[in-house]
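Overview (structure and organization)
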Amino acid sequence: MASAFRKNVFYTIYRRSLIQQRTFSSDRNVFSRCLKHSKVVIAGLSTASFICLSAVYAKRNGIQVLHAGGEEDSEKKKTSPTYREMRFLQFASVEYKGVIYMTPQDFLESVTEEMPRPRIGRASLTDGEVAGWLKRTPNRRYGSTKLFRNLHDKGLISYTEYLFLLCVLTKSKSGFRIAFNMFDTDGNQIVDKKEFLVLESVFSKKEDAPNNEDPLSKSVEPVQDTTLLVHFFGSKGRDVLKYEDFHSFMENLQSEVIELEFLEFSRGLATISEEDFARILLRYTMLDSSNIEECIKRVRSRTPSEKGVSFEEFRKFCQFLNTLDDFSIAMKMYTYADQAVSKEDFQRAVFVCTGSNLSPHLVDTVFNIFDADGDGHLSYMEFISIMKDRLHRGSRSHLMHTQDKWTAFKYCIKNEMRTYH
């Protein structure tokens, strides 16, 4: 029993370290130092066995396992997958003609869950299955806030489309027009299939391959129609996108993900608790579990009677998060030397950025989360930094490269072991 428990603890640590550092050294010394540092003894599981198990897990999930030392290690690092590539490979559940794809359900899970559902390999699709899926893909005129959920696991999303959809989730309403104009390369106020594919490819390389080399280009470049292409441009690819269509799709996708997150915690009720609101905000951030628990305890102690957060309040706050850059500028206009801000200043800046107010109760809850000393003020710089983690769901590239492998792994161990004291 104890042996199984320890194995589970260590496996959890290992999985989380994979997410944070993207690659994992299988050097025997690393594991030895790890075991010594965490004071975890995995009875019945030798270091060599654990290395083999780790390598198998990594290989099954498309993760490159790095071996320590030498020029070979250096060469492998050059082609190691980025965080987003890793995330895509972890959640993508289907393969067609040697090309890896996500389903609509895979995409939703990738932005709302820490880890994919357990599965053995990827489903290999037949021509008939793909043709049937694409035939049933609704035209953009029938788009809705349930599009991805209705399609569920009957659709194809390529890696470049995955990056595009992530971008959609972080755009403010004022950014919708900018995004459309980027695709509209000839400036005729419509986007055709060719324009969409060209910029999608460029976007992929800029986003994840600074040397203009996409490690996934050979394996996940779309070689035929996908669900998104059929939805936008029809089965024959002759339809065009107008700005109104593009705006509607972006707004629907944001709403669908926001609603999915809310429903996960509301359990069929009209509201979520203030504590659950805090959990949703903080679960994608780089705060460790002890700091998150402190925030939740603070909310609990400062909210004597639970009022709850409605979906409309939650939706407005999530839309506000898409304007964090504008919010940062507004806060600098209101404060000097990065001083802490009051609830009134915070609310004023939100209105400037979004054109609407957050409810006083929601602002109180936000301050209960981030105002550690209870003086009615918070550091907007710290708030913005943490919320940018939340907005990008922990995938901000500069955070993924600030730690070496050993430092990242130690962090995961220390964070995880706190929960077992």
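Residues numbered from 1 in each chain as written. Predicted model: local features only at pLDDT ≥ 70, side-chain atom pairs only at ≥ 80, totals over all residues. Heavy atoms only, no water.

Per an unreviewed UniProt entry, the recorded name for the protein is EF-hand domain-containing protein, and the organism is Magallana gigas.

Moving on, we get to the pattern of salt bridges. Think of it this way: side chains of opposite charge can pair up when their charged atoms draw near. Counted according to the given criterion, the structure contains 19 salt bridges. Between Arg283 and Glu261 there is a salt bridge; the shortest N-O distance is 3.8 Å. Placement of the pair is Arg283 in the loop between α15 (274–282) and α16 (289–302) and Glu261 in helix α14 (residues 243–266), with a sequence separation of 22 residues. Here Asp276 ties to Arg267 by a salt bridge, and the two come within 3.4 Å at their closest N and O atoms. Classification of Asp276 as buried rests on a relative accessible area of 9%. (Salt bridge = Lys/Arg side-chain N within 4 Å of Asp/Glu carboxyl O. Helix = DSSP H or I, 4+ residues; strand = E, 2+ residues; numbered from the N terminus. Buried < 20%, exposed > 50% of the residue type's maximum accessible area, 1.4 Å probe, protein only.)

In the structure shown here, the tally under the stated rule is 30 aromatic pairs. Considering the side-chain rings of Phe88 and Tyr159, the 5.3 Å spacing of their centres and the 75° angle between planes classify their relative orientation as edge-to-face. You can see Phe88 sitting in helix α5 (residues 83–91) and its partner Tyr159 sitting in helix α9 (residues 159–169), a full 71 residues away along the chain. On the basis of relative accessible area, Phe88 is assigned to the buried category, the value being 0%. Relative to Phe383, the ring of Phe370 lies with its centre 5.2 Å away and its plane at 90°, an arrangement referred to as edge-to-face. Pair noted here: Phe370 is in helix α20 (residues 360–370) and Phe383 is in helix α21 (residues 380–391), with a separation of 13 residues, a long-range link. On the basis of relative accessibility, which here comes to 1%, the residue Phe383 falls in the buried class. Seen from the ring of Tyr243, Arg177 lies directly overhead, with NZ or CZ sitting 3.7 Å from the centre. (Phe/Tyr/Trp six-rings, centres within 6.5 Å; stacked < 30°, edge-to-face > 60°. Lys NZ or Arg CZ within 6 Å of the ring centre and 35° of its normal.)

A separate point is empty space enclosed by the protein. Where empty space is left in the structure can be found by rolling a water-sized probe over the atoms. Applying the stated criterion to the full structure yields four cavities of 30 Å³ or more. The space that makes up the largest cavity amounts to roughly 140 Å³. The wall of the largest cavity is formed by Leu169, Gln254, Val257, Ile258, Glu261, Cys318, Gln319, Leu321, Asn322, Arg390, Leu391 and Arg393. Its residues assigned to classes, the lining of the largest cavity shows six nonpolar, three polar and three charged. Estimated volume of the second largest cavity: approximately 70 Å³. Lining the second largest cavity, in full, are Pro104, Leu147, Phe148, Leu151, Ile157, Leu165, Thr227, Leu228 and His231. Contributing elements (two or more residues each) for the lining of the second largest cavity: α8 (147–151) and α13 (227–233). Grouping the constituent residues of the lining of the second largest cavity by class yields seven nonpolar, two polar and no charged. (1 Å grid on protein atoms, 1.4 Å probe; cavity = no way out; pocket = protein on both sides within 12 Å on 5 of 7 lines; lining within 4 Å. Points joined across faces, edges and corners; volume = space filled by probe spheres on them. Nonpolar A, V, L, I, M, F, W, Y, C, P; charged D, E, K, R; others polar.)

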